[in-house]
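Chain by chain, the residues:
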Amino acid sequence: GWLDKLKRDSRIVCSNGNGFGMLRDGMRANYFGPVVAADVKAGCELLQCLLPKINGRTFWDIPDANTAAVSVAEEHGFKPVRSLLRMWLGKENVAGDPKLQFAIGEPATG
């Protein structure tokens, strides 16, 4: 599936039993994500696994609701350049809790 393809295309994959994270090479910049965890502590552990492996220009898209990830990103020199608007149709939010999404896979797929 989609996650398997992202995994194959990733330079670094970290997992801690409560989540996973990936760092991929891109044409214009590295791409940090997806990073998803069961709780904030596990997510921050994944960020600490991945962040030292970043080199060069890197894009990191974080849901606005994840203030923990935004804080970590700012502590590591990342600056906001755009806001992403997540939308859905109907009553049920199938996207899960954005506070547990520390980096999206890419804007087109979440």
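This section reports on the structure supplied with the text. Given the structure is predicted, the values throughout are model-derived calculations rather than measurements.

1. Structural notes on helix α2 (residues 40–50)
Move 1: Those residues of α2 that fall on the buried side of the exposure criterion are A42, G43, L46, L47 and L50. Buried positions in α2, seen along its axis, are confined to an arc of 145 degrees and lie on one side of it.
Move 2: Check the buried side of α2 and you find it contacts β1 (10–15), β2 (19–24), β3 (30–37), β4 (58–60), α3 (67–75) and β5 (101–103).
Move 3: The N-cap of α2, judged by a side-chain oxygen 3.2 Å from the amide nitrogen of K41 a few residues on, is D39.

2. A few points about α3
Three or four residues apart is the spacing at which side chains of an α-helix point the same way, because the helix has 3.6 residues per turn.
Move 1: Among all positions in α3, only A69, V72 and A73 are buried. Down the axis of α3, the smallest arc covering the buried residues is 100 degrees, so these residues share one side. The exposed residues of α3 that point more than 90 degrees off its buried face are T67 and E75.
Move 2: Of the residues one or two after α3, G77 is the one with positive phi, at around 90 degrees.

Rules used throughout
Residues numbered from 1 in each chain as written. Predicted model: local features only at pLDDT ≥ 70, side-chain atom pairs only at ≥ 80, totals over all residues. Heavy atoms only, no water. Buried < 20%, exposed > 50% of the residue type's maximum accessible area, 1.4 Å probe, protein only. Helix = DSSP H or I, 4+ residues; strand = E, 2+ residues; numbered from the N terminus. Arc of directions from axis to C-beta. Contact = heavy atoms within 4.5 Å. Polar contact = N/O pair within 3.5 Å; in protein donor to acceptor, adjacent residues only side chain to side chain.

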